[in-house]
Amino acid sequence: MTAQLTLHHRVDGPADGPLLVLGPSLGTTMDLWRPQLPALTESWRVLRYDLPGHGGSPAAPAGFTVDTLARAVLDLVPDEPFAVGGVSLGGAVAIAVAGTVTEPGRVRGLVLCCTAARFGQPGPWRERAAAVRAGGVAALAPVLGSRWFTPGYDGGWVLDMPAGVDAESYAACCEALAACDLTGRLPAITAPTLVVAGADDPATPLDQALVLARGIADAHLVVVPHAAHLATVQRADAVTRFITDHLNPLLPDRPHRDGPAGAAHSAGDPEQHRPRSSREEKSRAESWAAGMRTRREVLGDAHVDRAVVATTGFTHDFQHLITRYAWDEIWNRPGLDRRTRSCVTLTALVAHGHLDELALHVRAALRNGLTPDEIGEVLLQTAIYCGVPAANAAFAVAQRVLTEG
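Bear in mind that the values here come from a model prediction, so they are computed numbers and not experimental data.

### Notes on the packing of aromatic side chains
For any pair of aromatic rings, the description consists of the separation of the ring centres together with the inter-plane angle of the planes. On inspection of all chains with the given rule, the structure shows 2 aromatic pairs. Between the aromatic rings of Trp327 and Trp331, the centroid separation amounts to 5.0 Å while the plane-to-plane angle is 20°, which identifies the pairing as stacked. Comparing Trp327 with Trp331, the two get one shared label, buried. Its guanidinium or amino end placed over the ring of Trp157, Arg34 lies 4.1 Å from that ring's centre, counting from NZ or CZ.

What follows is the structure, given as structure tokens:
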């Protein structure tokens, strides 16, 4: 018989704000989201819940699954549109929730932090469940710190959380993770999705984040450097920014709240200081998604996946910029076909001597339908208009790419 679960929860934020539901990782409580709460509650009504036997939730017997947890979370959610997210097990629950809700548009957005569709082989999870039943959750204390944080990080306030977790409930959560495989459900998810991965996460490593990013249409993957499994805590500022950048464009249209009566507007370009409407922000998100589709079609998944994995907090805005402006607003314009745009791009790269980029775009030109002979014609023309030395270097690069296949 499937267990019936009751989850302790708390709601913070404006009473009239759109709803955001957040779940924690195994062994932690809803307070795991404490670093993000001030920024999120500026606009969102945030519902946080505790897993069974964690925090304020009552203990639960074995026999529940991730889908059972998803149904228990949906029992907390009013009949209204909402966004949902979670860390680790909480992220798997969020995936299951997004896949369970069938009403179009009801799930506004999805935030998946350091999580997976499938958490490795079931054996280690069953072994952990047995160890906890035998020795309590305290038996895991020596290994949790090294999985949750990189060496030298003091996460004491989080490392204290497992001591209050019911051992049987923790073991049952381990068994739910052992049985969890949501991979086949990813293609059906249509909500705008952010995938956050810790660069040094041993529990849900980058290859598992890539499964999510590839499996969910137009999902946006960001990799947080110098962070392990609880990146939301160790790199709280960076992760908070990624999450708000993803969620705030999904806010429903609401009247702009001006400052105090009589407050003066800033001088200068009014466009520079005008607040963006949620419709404009949603357009930015849609432009990023369209640009990412084109970027993958032209450059290939392997190259784009490497670029995504290498993205840091420092380079995030630049990657977002080129995806929206280069790959959507330029490459998706109807005035030239992709073959022609490849010809123009090859010429420009030869002219400026950008040989690394030239190799990339020789491959792209082949994907866009140019033949090796046509690429040679473009480079031959650059010998006249860009100079023989530039064309000589370009031919060498193109020859290497064409030989490699």
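### A closer look at the confidence of the model for the protein chain
Chain-level statistics for the protein chain give a pLDDT mean of 88 and a share of 91% at 70 or above. Here residues 254-282 scores under 50 on pLDDT; set against residues more than four positions off or in separate chains, the count is 20 contacts.

### What to know about helix H15 (residues 338-352)
Compared with the 21 Å implied by 1.5 Å per residue over 15 residues, the 21 Å span of H15 between its first and last C-alpha is a close match. Inspection of H15 places Arg341, Ser342, Thr345, Leu346, Leu349 and Val350 among the buried residues, and these make up the whole buried set. Along the axis of H15, the buried residues cluster in a sector spanning 165°; they form a single face. Measuring from the side-chain oxygen of the N-cap residue of H15 to the backbone nitrogen of Arg339 gives 3.3 Å; that N-cap residue is Asp337. Positioned one or two residues after H15, Gly353 has a phi angle of 70°, which is positive.

### Quick look at the pattern of salt bridges
Tallied over the entire structure, the rule returns 18 salt bridges. One salt bridge in this structure joins Arg118 and Asp181, with 4.0 Å as the shortest N-O distance. A residue pair is termed long-range when its members are at least 10 positions apart, and Arg118 in the loop between strand E5 (107-113) and helix H4 (122-135) and Asp181 in the loop between helix H7 (167-178) and strand E6 (193-198) qualify at 63 residues. By relative accessible area, Asp181 is classed as partly exposed at 44%. The closest approach of N and O atoms between Asp245 and Arg241, which form a salt bridge, is 3.8 Å. Here Asp245 and its partner Arg241 are both found in helix H10 (residues 236-247), 4 residues apart, which amounts to about one turn of the helix. Classification of Asp245 as partly exposed rests on a relative accessible area of 38%. One salt-bridge network, held together by shared partners, links Arg10, Asp12, Asp31 and Arg48.

### Things to note about the state of the cysteines
What is meant by a disulfide is a covalent connection between two cysteines, made through their sulfur atoms. This structure, assessed with the given rule, holds 0 disulfides. With no disulfide of its own, Cys113 has Cys114 as its nearest cysteine by sulfur position, at a separation of 6.4 Å. For Cys113, a relative accessible area of 0% puts it in the buried group.

### A look at the environment of Val73
Counting through the fold element by element, Val73 comes out in helix H2 (residues 66-76). It is 36 Å that separates the C-alpha atoms of Val73 and Ala302, two residues lying 229 residues apart in sequence. Once you skip the residues sitting within four places of it in the chain, Val73 turns out to touch Leu7, Val21, Tyr49, Val93 and Val97.

### Description of the pairing of strand E7 (residues 220-224)
Where a strand is regular, its side chains alternate between the two sheet faces. Burial within E7 is extensive, with 5 of its 5 residues counted as buried. The two faces of E7 match: His220, Val222 and Val224 on one face and Leu221 and Val223 on the other face are all buried. When E6 meets E7, the two strands line up parallel, connected through 5 bridges. Residue pairing across strands places Gly198 opposite Val224, the latter belonging to E7. Following the backbone out of E6, through helix H8 (residues 206-215) and into the adjacent parallel E7, one traces a crossover that is right-handed.

Rules used throughout
Residues numbered from 1 in each chain as written. Predicted model: local features only at pLDDT ≥ 70, side-chain atom pairs only at ≥ 80, totals over all residues. Heavy atoms only, no water. Phe/Tyr/Trp six-rings, centres within 6.5 Å; stacked < 30°, edge-to-face > 60°. Buried < 20%, exposed > 50% of the residue type's maximum accessible area, 1.4 Å probe, protein only. Lys NZ or Arg CZ within 6 Å of the ring centre and 35° of its normal. pLDDT = per-residue confidence, 0-100. Contact = heavy atoms within 4.5 Å. Helix = DSSP H or I, 4+ residues; strand = E, 2+ residues; numbered from the N terminus. Expected span 1.5 Å × (residues − 1). Arc of directions from axis to C-beta. Polar contact = N/O pair within 3.5 Å; in protein donor to acceptor, adjacent residues only side chain to side chain. Salt bridge = Lys/Arg side-chain N within 4 Å of Asp/Glu carboxyl O. Disulfide = S-S within 2.5 Å. Pairing = 2+ DSSP bridges. Right-handed = clockwise from strand over helix to strand, strands pointing away.

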